[in-house]
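Structural features, examined
These are the residues of each chain, in order.
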Amino acid sequence: MELTQLKTMCQEHPGSTFDFQEDWQADRYMVGGKMFAMIGENKEGTPILSVKCDPNRSEVLRLEYNEINPGYYMNKTHWISISLNGEISADMFHELIAHSYQLVFSGLTKKAQRDILEEC
């Protein structure tokens, strides 16, 4: 997966904002001030995407794909990390980013959701 494609997938969601976390050397994508995706590296230097994921779904995904692991330096119940060097399709990356965004967006207050949608 190419980084430019991945970054575009993260930025296409309403109200998505970006910052660079210096301490982690990672790109973070947020909605309403809450992170839904992070692009960085694991301790071996492998590029990874970390996204929020429904706990039941993340369990199934980890069993199905070797490239999907519990969230690296994240809550391992609610986050997964996906190796960018693996065989995961662009469609799957797109779908997992959208799923993460939706989980975070739905956790925002109704007012914050309305404000974000009105801006777009």
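The sections below set out a description of the structure shown in this document.

Calculation criteria
The written sequence of each chain sets the order in which its residues are numbered from 1. The predicted nature of this model means local features are confined to residues of pLDDT at least 70 and side-chain atom pairs, given and counted, to a pLDDT of 80 or more, with totals for whole chains, interfaces and linings taken over all residues. To get the side-chain values, take all heavy atoms of the structure and skip hydrogens and water. Burial classification: accessible surface area is computed with a 1.4 Å probe over protein chains only, and a residue below 20% of its type maximum counts as buried, one above 50% as exposed, and the rest as partly exposed. Secondary structure elements are defined from DSSP: runs of H or I of at least 4 residues count as helices, runs of E of at least 2 residues count as strands, and each element is numbered from the N terminus. By the convention used here, strands pair only if DSSP detects at least 2 bridges between them. Geometry is summarised by axes, namely lines fitted to C-alpha atoms with helices restricted to the contacting stretch, and by angles between N-to-C directions that run from 0 to 180 degrees. Note that the term roughly parallel is reserved for angles under 35 degrees, roughly antiparallel for angles over 145, roughly perpendicular for angles of 65 to 115, and oblique for everything else. Crossing handedness is defined as follows: a turn of the near helix away from the far one that is anticlockwise and smaller than a right angle gives a left-handed crossing, while the clockwise case is right-handed. Any two residues whose heavy atoms approach within 4.5 Å are treated as being in contact. Residue classes follow a fixed rule: Ala, Val, Leu, Ile, Met, Phe, Trp, Tyr, Cys and Pro count as nonpolar, while Asp, Glu, Lys and Arg count as charged, and any other residue, Gly among them, counts as polar.

Summarising burial for strand E2 (residues 26-31): 6 of the 6 residues are buried, a large majority. The alternating pattern of E2 places Ala26, Arg28 and Met30 on one face and Asp27, Tyr29 and Val31 on the opposite face, and all of these are buried. Pairing of strand E1 (residues 16-21) with E2 involves 6 bridges; the strand directions are antiparallel. Along E2, the bridge assignment pairs Thr17 with Met30. Looking at chain direction, E2 and strand E3 (residues 34-41) are connected through 5 bridges and run antiparallel. Note on E3: the bridge partner recorded for Asp27 is Ile39.

One way to put it is that helix H1 (residues 3-11) packs onto helix H3 (residues 90-106) with a least axis distance of 9 Å and a crossing angle of 30°. Classified by the angle between their axes, H1 and H3 sit roughly parallel to one another. Considering the relative orientation of H1 and H3, their crossing is right-handed. On H3, the residues that touch Gln5, Leu6, Met9 and Cys10 of H1 are Ala90, Phe93, His94 and Ile97. When the residues that make up the contact of H1 with H3 are grouped by side-chain class, the tally is 6 nonpolar, 2 polar and no charged.

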